[in-house]
Amino acid sequence: MANWPALAPLIARVGRPLVVEALRAWSEARRGVPEVADPIACARWCEARLAGLSTSSLRRVFNLTGTVLHTNLGRALLAEEAIEAAVTAMRSPATLEYDLEGGARGERDDHIAPWLCRLTGAEAATAVNNNAGAVLLALSALAAGREVIVSRGELIEIGGAFRIPDIMARAGCRLVEVGTTNRTHLKDYATAIGPDTAAIMKVHPSNYAVQGFTRSVTAAELVPLAREKGLPVIEDLGSGTLVDLETWGLPHEPTAREAVAAGIDVVTFSGDKLLGGPQAGLLVGRRTFIERIAKNPMKRALRLDKVRLAALEATLRLYADPETLVKRLPTLRALARPATEIHGQAERLLPAFALALGKGWQAGIKPVRGQIGSGALPVDLLPSFALSVKGKSLDRLADAFRRLPIPVIGRIQDETLLFDLRTLDNEAAFAAQLPKLAP
Ligand SMILES: *Cc1c(COP(=O)(O)O)cnc(C)c1O
């Protein structure tokens with residue numbers, strides 16, 4: 001059957017093995033039925049079966065959910081400079097661990113550590129696969145087999161089964177909880193310190209906020225106590241940023257520099273959240289601790305590859321000039337977009353949008369509040385505008401948007417389907433495919 005001329009175009013496109021696999025399934029589906037040799041129908045059946053395999057499974061989409069750093073949609077979009085550096089590193093041999101001056105072996109961290117030190121004021125820096133890995137590695141290198149003290153108000157769970165107590169256990173540490181959910185005092189930490197204590201840990205409660213009768217101990221308060229007892233303080237900043245977001249009218253998020261300045265010994269944060277780079281876990285802090293972390297065998301298992309290192313170095317280099325940062329870093333550009341500009345875009349798109357929906361739907365423009373996402377600032381706050389739709393069976397309509405050539409992902413809220421335009425950078429591509437919508 002694989003020699004039927006009707007199958008030749010399909011074989012040319014996807015290769016013989018997949019077509020043979022589809023033919024087997026075809027025969028199986030017809031078991032017991034006398035075979036009707038209809039090569040055209042068979043070819044069509046095989047083609048439909050293999051359709052999913054000729055496009056990639058990881059698809060480009062429009063993220064119009066209102067969450068700028070959407071973990072399920074891949075978080076940060078990289079700057080062109082970072083993309084170019086990554087492509088070069090993919091195409092050619094590179095000085096990943098090679099020192100051109102001496103013609104000898106070099107260190108992979110040397111590409112990013114000087115930048116991280118310059119941008120955070122830390123003595124030393126290293127990087128691994130992601131922030132979860134950075135936390136695991138820091139705990140394992142500095143506190144395996146011993147106790148780590150954490151406030152009960154900071155025992156967080158973030159998405160993807162990252163829970164501080166579990167990470168602690170995996171790193172071989174014994175968790176010592178202090179304080180209560182809403183209030184922890186410095187004396188709670190002081191009385192918990194014993195002969196087996198290896199470190200004190202702070203965790204940025206990034207995806208929730210405790211309000212009301214609360215008390216937590218700041219780094220500035222905690223560090224003198226830790227120093228007196230000769231213990232390192234590790235802080236998981238989560239998103240962590242290298243610049244003060246208030247510069248662009250956004251709420252303040254803790255910066256890595258602030259944590260270092262407060263005396264935190266090891267600060268960990270993500271590369272693909274507010275920083276706007278590739279997925280990575282960054283560790284900055286005091287040289288003695290960073291060196292112990294970098295020498296730990298687990299570092300080898302969690303290290304970054306050349307592609308992401310190249311993208312990370314290029315991203316960090318952009319931070320040398322904060323004034324042009326908002327133009328070059330897509331994440332920051334989206335976060336800083338004025339609502340008036342987004343409203344203008346909504347007005348431009350509304351006529352074509354309403355036309356594509358056809359009768360039976362009420363299309364409009366709605367003021368909405370989006371969020372940064374990925375654990376930064378847990379409350380809705382980014383004032384924005386969305387294309388909105390009201391009508392029956394919104395789920396079906398949302399599904400039709402997801403079936404467009406470039407799937408469009410929105411959100412349903414208060415019986416309204418919303419497409420928040422804050423993150424729509426390619427307006428032309430969005431508008432061009434609207435006529436293909438078949439609700
Ligand atoms: C996001 C986050 C992590 C995990 O970071 P990844 O880079 O996704 O591994 C850990 N801790 C906190 C507080 C976070 O917000």
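Residues numbered from 1 in each chain as written. Predicted model: local features only at pLDDT ≥ 70, side-chain atom pairs only at ≥ 80, totals over all residues. Heavy atoms only, no water.

Caption draft 1: Quick peek at the site of the ligand. Near the ligand you find 13 residues, and of these Ala132, Ser206, Asp236, Ser270 and Lys273 are the closest. Between an oxygen atom of the ligand and a main-chain N or O atom of Ala132, the distance comes to 2.8 Å. Here an oxygen atom of the ligand and a side-chain polar atom of Lys273 are 2.9 Å apart. When the free accessible area of the ligand is taken as 380 Å², the share hidden by the protein chains comes to 94%. Among the secondary structure elements, those contributing two or more residues to the shell around the ligand are helix H6 (131-143) and strand E10 (233-238). (Near = heavy atom within 4 Å. Polar contact = N/O pair within 3.5 Å; in protein donor to acceptor, adjacent residues only side chain to side chain. Areas by Shrake-Rupley, 256 points an atom, 1.4 Å probe, with all protein chains shown as cover. Helix = DSSP H or I, 4+ residues; strand = E, 2+ residues; numbered from the N terminus.)

Caption draft 2: A look at the packing of aromatic side chains. Inspection of the entire model under this criterion finds 5 aromatic pairs. An angle of 90° between the planes, with centres 5.7 Å apart, marks the rings of Phe62 and Phe430 as edge-to-face. Of this pair, Phe62 sits in strand E1 (residues 62-63) while Phe430 sits in helix H18 (residues 427-433); the two residues are 368 residues apart in sequence, bridging distant segments of the chain. The burial state of Phe62 is the same as that of Phe430; both residues are buried. With centroids separated by 4.5 Å and ring planes inclined at 45°, the aromatic side chains of Phe401 and Phe419 adopt a geometry described as tilted. Of this pair, Phe401 sits in helix H17 (residues 394-402) while Phe419 sits in strand E17 (residues 416-420), and the two are 18 residues apart along the sequence. By way of ring pairs, the aromatic residues Phe353, Phe401 and Phe419 are connected into one cluster. In this structure, Arg60 packs its charged tip against the face of Phe62, placed 5.8 Å from the ring centre. (Phe/Tyr/Trp six-rings, centres within 6.5 Å; stacked < 30°, edge-to-face > 60°. Buried < 20%, exposed > 50% of the residue type's maximum accessible area, 1.4 Å probe, protein only. Lys NZ or Arg CZ within 6 Å of the ring centre and 35° of its normal.)

Caption draft 3: Expanded view of the domain arrangement of the chain. Looking at the assigned domains, one finds that the chain contains domain 1 (5-50), domain 2 (62-71 + 335-436) and domain 3 (80-328). Each of domain 1 and domain 2 was reduced to a C-alpha centroid, and the two centroids are 40 Å apart. (Domains from an automatic or database assignment.)

Caption draft 4: Focus on the environment of Arg105. Looking at the secondary structure, you find Arg105 in strand E3 (residues 104-105). Accessibility expressed as a relative area gives 61% for Arg105, which makes it exposed. Spatially, the C-alpha atoms of Arg105 and Thr95 are 9.2 Å apart, while their sequence positions differ by 10 residues. Arg105 has contacts with Glu97, Tyr98 and Asp99, leaving out every residue within four places of it along the chain. Side-chain polar atoms of Arg105 contact the side chain of Glu97, separated by 3.2 Å. (Contact = heavy atoms within 4.5 Å.)

Caption draft 5: Representation of the side chain of Asp188 within the structure. With respect to the secondary-structure elements, Asp188 resides in helix H8 (residues 186-192). Buried charge Asp188 goes without a salt bridge, the closest partner of opposite sign being Lys187 at 5.0 Å. In terms of polar contacts, Asp188 uses its side chain to reach the backbone amide nitrogen of His185, at 2.8 Å. Setting aside residues no more than four positions away along its own chain, Asp188 makes contact with Val178, Gly179 and Arg183. (Lys, Arg positive; Asp, Glu negative; His and termini not counted. Salt bridge = Lys/Arg side-chain N within 4 Å of Asp/Glu carboxyl O.)

Caption draft 6: Fine view of helix H16 (residues 339-357). At Leu350, H16 shows its strongest bend, of approximately 45°, with the proline Pro351 following within four residues. Residues of H16 that are buried: Ile342, Gln345, Ala346, Leu349, Phe353, Ala356 and Leu357. Looking at the buried positions of H16, the neighbouring elements they touch are strand E13 (362-370), strand E14 (382-390), H17, E17 and H18. One or two steps after H16, the chain reaches Gly358, where phi turns positive at roughly 80°. (Bend = angle between axes of the 7 residues up to and from the residue.)

Caption draft 7: Geometry of the sheet that holds E14. Taken together, the 4 strands give an open sheet; going across it, the order is E13-E14-E17-E16, and neighbouring strands pair in antiparallel fashion. Of all the strands in the sheet, just E13 and strand E16 (411-413) have a single pairing partner and so form its edges. Direction aside, neighbouring strands of the sheet carry axes that sit 40° apart on average. Sheet analysis places E13 next to E14, joined by 9 bridges and oriented antiparallel. Bridged to Ala363 within E14 is Val389. (Pairing = 2+ DSSP bridges. Axes fitted to C-alpha atoms, helices over the stretch in contact; angles between N-to-C directions.)

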